[in-house]
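# Examination of the molecular architecture
Residue strings, one per chain:
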Amino acid sequence: MLKAGVIGAGHLGKIHLKLLQQSSKYELVGFYDGNEEVAANVEKEFGYKRFSSANDLIQAVDMIDVVTPTFSHFEIGKSAIAAGRHLFIEKPITTTYAEAEELISLAKKHKVKGQVGHVERFNPAFTAVADKIEFPMFIEAHRLAEFNPRGTDVPVVLDLMIHDIDVILSVVNSKVKNINASGVSVISETPDIANARIEFENGCVANLTASRISLKNMRKARFFQKDAYISVDFLEKKCEVVKMKDAPKDPDDFAMILQNAEGVKKQIYFDNPKVDANNAILDELESFAFAIENNTTPTVSLEQGAIALKVANQIIESFKTNK
């Protein structure tokens, strides 16, 4: 079992602590939080061992799980990697792409593994169809949330949209060619609602919308590719695959037949892949343990986390151009 420690014991940090304690892959050593009141309350309520400094915790474990505000990710990550500790770090990886590049370089130098907490990669609705998404040419994603003061210290792009950015980058095997985006601040000092159009070199176009001032929650993505349409509902944990192929000659052997403008008939059939219930956060943490134990590339590597951050920051820069 890998000895694990958590830095950051806020809302998400407490979830990580609970899951690491339950996991058969880790031995939870303890935690550190710079807020004295928060740390004392967590220690008293849950009984986790509390460390007096981040460095003391780093020295006592094999893996550090960083669940702190983004601005502190870089310094904590540097300290953990320099001590030869494997690093799991919540999204976004860092504040700037340059910081992310430095963490990647340090991880290579010290021969440690790093994974970024892009949890939607482990959403069962997405994993059920991920292998069916092949060369998508148009993608539409909507991520809407009711207002929550937590997270408003950063633009909605880094708070919510970055989930969809990472998912899209994981299925589009092409470099970003152009980004056009706009964002509006309604309640907080940073954009609360945003829309981005990402064009890739292979011709794929992704249209993303994110809002944290909606009246209802929604987390959906639709992928369109040749002869197929795939939808994923990340919130309801549902997915659907609609495929088309040449219509059969036997008129009784079809689910539905359409005829296009050129007179070509296509058979349409529907598939609802089985979605196995899971705890996505536990899965991502245990997948990291697997990568460490087997010396394989983590599912969401530091490099992938850095690219998602780079695209997110390009979207934010586009706000200024279109203001």
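It should be emphasised that the depicted structure is a prediction, and the values quoted were computed from it without experimental measurement. (Residues numbered from 1 in each chain as written. Predicted model: local features only at pLDDT ≥ 70, side-chain atom pairs only at ≥ 80, totals over all residues. Heavy atoms only, no water.)

### So, the overall build of the protein
Stated precisely, the cut-off is as follows: Runs of H or I in DSSP of at least four residues are treated as helices and runs of E of at least two as strands, each being numbered from the N terminus. Note on exposure labels: buried denotes an accessible area under 20% of the residue type's maximum, exposed denotes more than 50%, and partly exposed covers the range between, all computed with a 1.4 Å probe on protein chains only. The contact criterion used throughout is that any non-hydrogen atoms of two residues lie within 4.5 Å.
Scanning the protein for helices and strands turns up nine helices and 14 strands. Taken over the C-alpha atoms alone, the protein extends approximately 75 × 45 × 40 Å along its principal axes. Among the 323 residues that make up the protein, the fraction classed as buried is 49%. In the protein, of all internal contacts separated by at least 6 residues, the share reaching a separation of at least 24 is 67%.

### Describing the environment of Q115
How we decide: Pairs of N or O atoms are called polar contacts if they sit within 3.5 Å, as long as, within protein, a hydrogen donor faces a hydrogen acceptor (for residues adjacent in sequence, only side-chain-to-side-chain pairs).
Along the chain, the position of Q115 falls in strand β5 (residues 114–117). Each C-alpha atom of the pair Q115 and S287 lies 9.4 Å from the other, and the pair is 172 residues apart in sequence. Each residue touching Q115, except ones within four places of it in the same chain, is listed here: L87, F88, I89, F122, E284, S287, F288, P298, T299, V300 and L302. Of the polar contacts made by the side chain of Q115, one reaches the backbone oxygen of E284; its length is 3.1 Å. In this structure the side chain of Q115 is engaged in a polar contact, spanning 3.4 Å, whose partner is the side chain of S287.

### Some thoughts on the domain arrangement of the protein
Which entries qualify depends on this criterion: Start and end points for every domain follow an automatic or database-based domain assignment. Accessible-area loss on putting two parts together, using a 1.4 Å probe and summing over both, is the definition of buried area adopted here.
By domain assignment, the protein separates into domain 1 (2–112) and domain 2 (122–278 + 311–321). Using C-alpha coordinates to define each centre, domain 1 is positioned 31 Å away from domain 2. Contact residues are listed per partner, giving six residues for domain 1 and six residues for domain 2. When domain 1 packs against domain 2, the two sides together hide about 460 Å² of surface, and 56% of this comes from carbon and sulfur. Sorting the residues of domain 1 by area buried against domain 2 places H11, K91 and P92 first, and these three jointly supply 72% of that buried surface.

### Considering the UniProt feature "domain: GFO/IDH/MocA-like oxidoreductase" (unreviewed entry) in the protein
Under the convention used in this document: UniProt positions are given in the numbering used here, feature names are shortened, and annotations may be inferred rather than shown by experiment.
UniProt marks residues 156–216 with the feature "domain: GFO/IDH/MocA-like oxidoreductase" (unreviewed entry), using the numbering shown here. As annotated, residues 156–216 comprises 26% helix and 39% strand, and the C-alpha atoms at either end are separated by 16 Å.

### Focus: the pattern of salt bridges
Rules: Here a salt bridge means any side-chain nitrogen of Lys or Arg lying within 4 Å of a carboxyl oxygen belonging to Asp or Glu.
Taken as a whole and assessed by the stated rule, the structure comprises twelve salt bridges. D166 is the partner of R121 in a salt bridge, and the nearest nitrogen-oxygen pair spans 2.8 Å. Highlighted residues: R121 in the loop between β5 and α6 (124–127) and D166 in helix α7 (residues 156–171), separated in sequence by 45 residues. Given a relative accessible area of 11%, R121 falls into the buried group. The salt bridge partner of D164 is R143, with a shortest N-O separation of 2.9 Å. Within this pair, whereas D164 is found in helix α7, its partner R143 is found in strand β6 (residues 138–144), the two being separated by 21 residues in sequence. With relative accessibility at 4%, the residue D164 sits in the buried group. One continuous salt-bridge network, built from bridges that share partners, spans E120, R143, D164 and R219.

### Focus on the side chain of E90
Rule in force here: When charges are counted, Lys and Arg contribute as positive and Asp and Glu as negative, whereas His and the chain ends are disregarded.
Relative to the helices and strands, E90 is located in strand β4 (residues 86–90). The charged side chain of E90 is buried without a salt bridge, its nearest counter-charge being K91 at 6.1 Å. What E90 contacts, discounting residues up to four positions off in sequence, is L12, H16, V66, V67, H73, V116, G117 and E284.

### Considerations on the packing of helix α1 (residues 11–22) against helix α8 (residues 280–294)
Here is the rule: Lines fitted to C-alpha atoms define the axes, with helix axes restricted to the stretch in contact, and inter-axis angles between N-to-C directions lie between 0 and 180 degrees. Note: crossing handedness is left-handed where the near helix turns anticlockwise from the far helix by less than a right angle, and right-handed where it turns clockwise. Throughout this entry, Asp, Glu, Lys and Arg are counted as charged residues, while Ala, Val, Leu, Ile, Met, Phe, Trp, Tyr, Cys and Pro are counted as nonpolar. The remaining residues, Gly among them, count as polar.
Taken N-terminus to C-terminus, the directions of α1 and α8 make an angle of 65°; their axes are 10 Å apart at the nearest point. Considering the relative orientation of α1 and α8, their crossing is right-handed. Mapping the contact onto sequence places L12, I15, H16, L19 and L20 in α1 and I281, L282 and L285 in α8. In terms of residue class, the contact of α1 with α8 is made up of seven nonpolar, one polar and no charged.

### Let's talk about the nonpolar core
Using the following cut-off: We call a set of buried residues a nonpolar core when its members are Ala, Val, Leu, Ile, Met, Phe, Trp, Tyr or Cys and they connect through side-chain atoms within 4.5 Å of each other.
Residues Y26, I64, V157, M161, I165, F223 and I315 are the most contacted members of the largest nonpolar core, which totals 94 residues. If you tally residues by element for this core, the top one is α7, at ten residues. When residues of this core are assigned to domains, at least three map to each of domain 1 (2–112) and domain 2 (122–278 + 311–321).

### Things to note about the sheet that holds β4
Put simply, the rule is: Strand pairing is assigned whenever DSSP detects at least two bridges linking the two strands.
With parallel pairing, the five strands of this open sheet are ordered in space as β2-β1-β3-β4-β5. The open sheet has two edge strands, β2 (26–32) and β5, and neither has a second partner. Adjacent strand axes in the sheet meet at a mean angle of 20°, parallel and antiparallel pairs treated alike. Here strand β3 (residues 63–66) pairs with β4 via four bridges, running parallel. Looking across to β4, one finds that M63 is bridged to H86.

### Examining the pairing of β5
As a reminder, the rule being used: If the strands point away from the viewer and the path from the first strand over the helix to the second runs clockwise, then the crossover is right-handed.
Side-chain alternation along β5 places G114 and V116 on one buried face and Q115 and G117 on a second face that is also buried. The sheet contact formed by β4 and β5 spans four bridges and is parallel. The residue of β5 that forms the bridge with I89 is V116. In this region the chain leaves β4, passes through helix α5 (residues 97–110) and returns to the parallel neighbour β5; the handedness of that crossover is right-handed.

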